[in-house]
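Coordinate inspection notes
In case you want the letters, here they are:
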Amino acid sequence: MKKILHIKRQLNSNSESYYENFVYESDNENATVATALLTTPVIWEHSCLQKKCGACAMVINGKPALACNTRLADMDCEIINIEPLRKFPVIQDLRVDRQALMDKLKELKVWLESDSINGNENISYEASRCLECGLCLEVCPNYYMDGKFGGMAAMTPLARIIDKSSKDQHKELKKNYKKGVYNSCGKSLACRDICPAKIDIDKLLVKSNAAAIWNRWNKE
Amino acid sequence: MAVYVNILGAGLAGMTAARTLAKNNIHVRLFSVQVSQRAQSNLAEGGLNAALNMMGEDDDINQHYEDTMKGGCYIANPDMVKGLCEGAPSIVDEMKRIGVPWHMENGHIIQRPFGGQKKRRTCFCMSSTGKILTTASIDDTRKYEDSGLIERYTHHKFAGILVNNNKCIGIKIYDNHEGTYNNYSGPVIICSGGMNGMFPGRTTGTTSNTGSVTAMLFNSGVKLSNLEFIQYHPTTVRITDKRMLISEAARGEGGRLCYLDDDKKVSFMEDKFGERGNLMPRDVVSKEIALINKTTYLDMTGLNSDIWNNRLSDLRQEIIDYLHKDPAYELIEVAPGIHYFMGGIKVDINHETNIEGLYAAGECAAAYHGANRLGGNSLLGAIYGGKTAAKSIIKSLDRFDYINDLNELSDDLNGNIFLTDDEKAKDIMLTDILSKTMGILRDETSLNLGLCELENIETNNASFEFKSRLNLAKAITECAISRRESRGAHNRTDYPESNDSYKKPTTVSLVNNEIIIE
Ligand SMILES: Cc1cc2nc3c(=O)[nH]c(=O)nc-3n(C[C@H](O)[C@H](O)[C@H](O)COP(=O)(O)OP(=O)(O)OC[C@H]3O[C@@H](n4cnc5c(N)ncnc54)[C@H](O)[C@@H]3O)c2cc1C
Ligand code: SF4
Ligand code: FES
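Residues numbered from 1 in each chain as written. Chains lettered and ligands numbered in written order. Predicted model: local features only at pLDDT ≥ 70, side-chain atom pairs only at ≥ 80, totals over all residues. Heavy atoms only, no water.

Further remarks concern the overall build of chain B. The helix and strand inventory of chain B stands at 14 helices and 26 strands. When the 518 residues of chain B are sorted by exposure, 64% land in the buried category. Sequence-distant contacts in chain B: of pairs separated by 6 or more residues, those separated by 24 or more amount to 72%. Only carbon and sulfur atoms are counted for the fraction: they give 45% of the accessible area of chain B, which is about 18,400 Å². (Helix = DSSP H or I, 4+ residues; strand = E, 2+ residues; numbered from the N terminus. Buried < 20%, exposed > 50% of the residue type's maximum accessible area, 1.4 Å probe, protein only. Contact = heavy atoms within 4.5 Å. Areas by Shrake-Rupley, 256 points an atom, 1.4 Å probe, with all protein chains shown as cover.)

Spelled out as structure tokens, the structure:
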């Protein structure tokens, strides 16, 4: 297999971007975009190399994806276009600054103020799985950095807090859920198909809406 | 001036240390090269051990202690292991209080069997325990970020410790986004994880744990311990870029190891060790696989649908995704792969190193696991270790009055923590030699050969990082040479038995650029 990686590069946040080609040849039919990128001098974020950490999110042939979860053999074309995520500022090459995701979670107060209640084990488990990779925001028509809306990357961790929180926190959560999620979500649900963790967003939305919008909170 | 505590590494150990300090109103700077969501702690699968005795098997803390000491072949510090096992039940409870959905049935926590433990003692969240624990810890840490007690510095890379008169007075950090170096004063806790990067592409861990932090500390006079003990996990599979773990939970829930003899399954572990053969400690299983030297399979075809659906659905999906095989119906070929580093930074019971004011916790520290770690004890060790290091600092905060303005202190660390292209090529050589030399089975000749090859690598004008990595590689090899016996994960074919005169940890230090083994 021979692939040409057509990569958008950038020296630093202020410089002009340019494209550079790298040839990758291998017999390994399971080689991923990550495998190929590891052979180049291009700067990109990686850590687990098995779709468990969300580091390697980027845009591959126009589609936001994890590099370590994208098999080269699955792409028909020889030339593979690789670009950094578009909704976040580029630091260098394919590395972007996703601090906005973390800031949003802080703004929406995504933590438990007091001891967790038992809640619904399945919901908390599902909501804990979010990688904070940002792929869902990349495809969301309503998300832009520094806007009010936090997208699925905020909805998912909030669902865990909504499920586990006790009464003293409900008022604040209701406000933040409305502001950060409910009011701006256009229900395009493009995030559902892109999420590499295959998080069951419908289940989380139904549960969180029931609690934070319709006041059907879990009992302690 | 208020003392700030500097923590390097934001996995479970680092976040736990940070929160313990913040709860006591102590300011913390939490540095890490990536956000906590990317840390190796997220990858942990099978669970965390605590003698809760939920399964009606008369388990207690003493038995957890005994199993841990025995699993580690009796070279871990007994008092430290006692503390770990005593601290475990409250850690499970604390994690529950920050919202961890432990697997429960009928209102109580369920514990699964794990290797080297006589009782069902491992608490879990399916086969994603590390991810679930880390998410809850990240959320709880955020609370203190909001109150200002914890300041997060992500995309910040370790560049060295600042030492004066054998006391640590601060840390040097490189900001990956700004491209600048800064010195930060205060005591330091290192929580930088295992040394995976010394064996790139050959471990189950992350690429961000490069081993360089441990290497640079070693070069700066920090003593290390037990480097020869590298855990090969018996059930890993090669995927393209690394070795992927198949959690011990697979065997805990009924999976069996076998090889095929004319299509007939031979359960070699059960044949040799009886009913619990599949759940012998990892060192024993991996050594056995190396000795039989046949293609080995994990047979999970006997697991019932309740286990697949409620306890291992994530593990099954992962195997299907990466190997295109369904373990419910097919045998899975497995082989031992590097999974955990029992050795690392030498610490005392307070998690302090030989340099005053410098602490280490989590996988980077050699603390609780002796010659072989039991599954489920390292999540525990990371959380307990982070807490213990923080508590030691809290107890003696006024000791750090000696720390003041760093600007007056000159250091020679600037600008040399990046490998040049030439060094990157040499680093591949170095790690290839190390991987070849530090296999499951070792002997003096091949270890000496490895050391000799390492010594031939040129270091003229080398960067601080590369020099340090080479010294660490040599130190690992020399530790293995010096232990002329077999114990736990260290198997010497030329010394196949254990020998009581070696029943103690190895300590290694760098003095005048010479590696000294104690
Ligand atoms: C696949 C897998 C499964 C596992 N399953 C289990 C299990 O079921 N049970 C169990 O008990 N244990 C398990 N373990 C082991 C356990 O997960 C780890 O030992 C533990 O999580 C280590 O935590 P830590 O906080 O010490 O380090 P990590 O979580 O590795 O965190 C290290 C931190 O240091 C930072 N860092 C590293 N280098 C630098 C640098 N140069 N500059 C700045 N920051 C740096 C990283 O960014 C990260 O934040 C498993 C491990 C793996 C790989
Ligand atoms: S919800 Fe899915 S796509 Fe969005 S950040 Fe989390 S893991 Fe990534
Ligand atoms: S490197 Fe972790 S998701 Fe790709």
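Our next topic: the side chain of Gln117(B). Residue and element names in this part refer to chain B. With respect to the element layout, Gln117 can be found in the loop between β6 (111-112) and β7 (122-123). Under the relative-accessibility criterion, Gln117 is labelled buried at 1%. Within polar-contact distance, the side chain of Gln117 engages the side chain of Arg121 at 2.7 Å. Polar side-chain contacts of Gln117 include one of 3.4 Å to the backbone oxygen of Gly375. Contact partners of Gln117, with chain neighbours within four places excluded, come to Asn49, His64, Asp67, Thr122, Arg276, Leu374 and Gly375. (Polar contact = N/O pair within 3.5 Å; in protein donor to acceptor, adjacent residues only side chain to side chain.)

Over the atoms rolls a probe the size of a water molecule, and its path tells where empty space is left. Reported here for the second largest pocket is a volume of approximately 880 Å³. Cys68(A), Asn69(A), Thr70(A), Arg71(A) and Asp321(B) are the residues nearest the centre of the second largest pocket, which is lined by 38 residues in total. Classifying every residue of the lining of the second largest pocket gives 18 nonpolar, eight polar and 12 charged. (1 Å grid on protein atoms, 1.4 Å probe; cavity = no way out; pocket = protein on both sides within 12 Å on 5 of 7 lines; lining within 4 Å. Points joined across faces, edges and corners; volume = space filled by probe spheres on them. Nonpolar A, V, L, I, M, F, W, Y, C, P; charged D, E, K, R; others polar.)

All right, on to the domain arrangement of chain A then. Residue and element names in this part refer to chain A. Taken domain by domain, chain A consists of domain 1 (2-96) and domain 2 (99-212). A separation of 28 Å is found between the C-alpha centroids of domain 1 and domain 2. Each side of the interface is counted separately: domain 1 has 16 residues, and domain 2 has 14 residues. Approximately 1,200 Å² of surface area, both sides summed, lies buried where domain 1 meets domain 2, with 65% of it carried by carbon and sulfur atoms. Taken as a group, Pro64, Lys87 and Phe88 account for 51% of the area that domain 1 buries against domain 2, more than any other trio of residues on that side. When the shortest N-O distance is used, the salt bridge between Arg86 and Glu138 registers 3.1 Å. (Domains from an automatic or database assignment. Buried area = accessible area lost by both parts, 1.4 Å probe. Salt bridge = Lys/Arg side-chain N within 4 Å of Asp/Glu carboxyl O.)

What follows covers unusual backbone geometry. Residue and element names in this part refer to chain B. Positive phi is not limited to glycine here, since Asn106 has a value of about 50°. For Asn106, the position within the fold is in the loop between β4 (104-105) and β5 (108-109). Phi at Met126 takes a positive value of approximately 45°, unusual for a residue other than glycine. Here Met126 shows up in the loop between β7 and α4 (129-147). In this structure Met126 comes out as buried when scored by relative accessible area, which is 16%.

Moving on: the site of ligand 2. Near ligand 2 the following residues occur: Cys130(A), Leu131(A), Glu132(A), Cys133(A), Gly134(A), Cys136(A), Met152(A), Ala153(A), Thr156(A), Cys195(A) and Pro196(A). A class-by-class count of the residues in the shell around ligand 2 yields eight nonpolar, two polar and one charged. (Near = heavy atom within 4 Å.)

So, on to the nonpolar core. Ile7(B), Trp102(B), Ile189(B) and Ile190(B) are the most contacted members of the largest nonpolar core, which totals 112 residues. It is helix α14 (residues 464-482) of chain B that provides the largest number of residues to this core, a total of 10 residues. Judged by nonpolar contacts, the second largest core, of 73 residues, contains Ile7(A), Leu131(A), Met152(A) and Tyr177(A). (Core = buried A, V, L, I, M, F, W, Y, C linked by side-chain atoms within 4.5 Å.)

For any part of a model where pLDDT is low, the fine detail of the predicted coordinates should not be relied upon. Of all residues in chain B, 97% have pLDDT values of 70 or greater, and the mean over the chain is 95. Across the assembled chains, the prediction reports ipTM 0.98 with pTM 0.97. (pLDDT = per-residue confidence, 0-100.)

What follows deals with the pairing of strand β16 (residues 256-261) of chain B. Residues and elements named next belong to chain B. Examined bridge by bridge, β16 and strand β18 (residues 296-299) share three bridges and lie antiparallel to one another. Note on β18: the bridge partner recorded for Arg256 is Asp299. Here β16 pairs with strand β17 (residues 264-266) via three bridges, running antiparallel. Bridge pairing links Leu260 to Lys265 in β17. Where β16 folds back onto β17 in an antiparallel hairpin, the turn is made up of two residues, including Asp262, whose phi is positive at roughly 50°. (Pairing = 2+ DSSP bridges.)

Bringing the sheet that holds strand β13 (residues 224-225) of chain B into the picture now. In sheet architecture, strand pairing relies on hydrogen bonds along the backbone and comes in two forms, parallel and antiparallel. All names here are of chain B. The strand order across the open sheet built from five strands is β22-β20-β13-β25-β26, with neighbouring strands paired in mixed fashion. Unpaired on one side and paired on the other, β22 (365-366) and β26 (514-517) mark the two borders of the sheet. Bridge analysis of strand β20 (residues 344-346) against β22 gives two bridges, and the strand direction is parallel. The residue bridging Lys346 from the neighbouring strand is Ala366, located in β22. Along the sheet, helix α5 (residues 212-219) contacts β13, β20, β25 (507-511) and β26; its crossing angle with β25, the most-contacted strand, is approximately 60°. Across the sheet, α14 touches β13, β25 and β26, and the angle it forms with β26 is around 30°. (Axes fitted to C-alpha atoms, helices over the stretch in contact; angles between N-to-C directions.)

This paragraph deals with helix α6 (residues 170-182) of chain A. Residue and element names in this part refer to chain A. When the terminal C-alpha atoms of α6 are compared, their 15 Å separation across 13 residues is substantially less than the 18 Å that a helix rising 1.5 Å per residue should span. Among the residues of α6, His170, Leu173, Asn176, Tyr177, Gly180 and Val181 are the ones counted as buried. Against the buried residues of α6 lie α2 (99-107), α5 (152-164) and α8 (201-213). (Expected span 1.5 Å × (residues − 1).)

Counted according to the given criterion, the structure contains nine aromatic pairs over all chains. Consider the rings of Phe88(A) and Tyr143(A), whose centres lie 6.3 Å apart with planes at 40°: the pair is tilted. Residue Phe88(A) is found in the loop between β5 (79-83) and β6 (90-92), and its partner Tyr143(A) is found in the loop between α4 (135-139) and α5; the two are separated by 55 residues along the sequence. As far as burial versus exposure is concerned, Phe88(A) and Tyr143(A) are alike and both buried. Geometrically, the ring pair formed by Tyr368(B) and Tyr384(B) is edge-to-face, given 5.8 Å between the ring centres and 65° between the ring planes. Within this pair, whereas Tyr368(B) is found in the loop between β22 and α11 (377-395), its partner Tyr384(B) is found in helix α11, the two being separated by 16 residues in sequence. (Phe/Tyr/Trp six-rings, centres within 6.5 Å; stacked < 30°, edge-to-face > 60°.)

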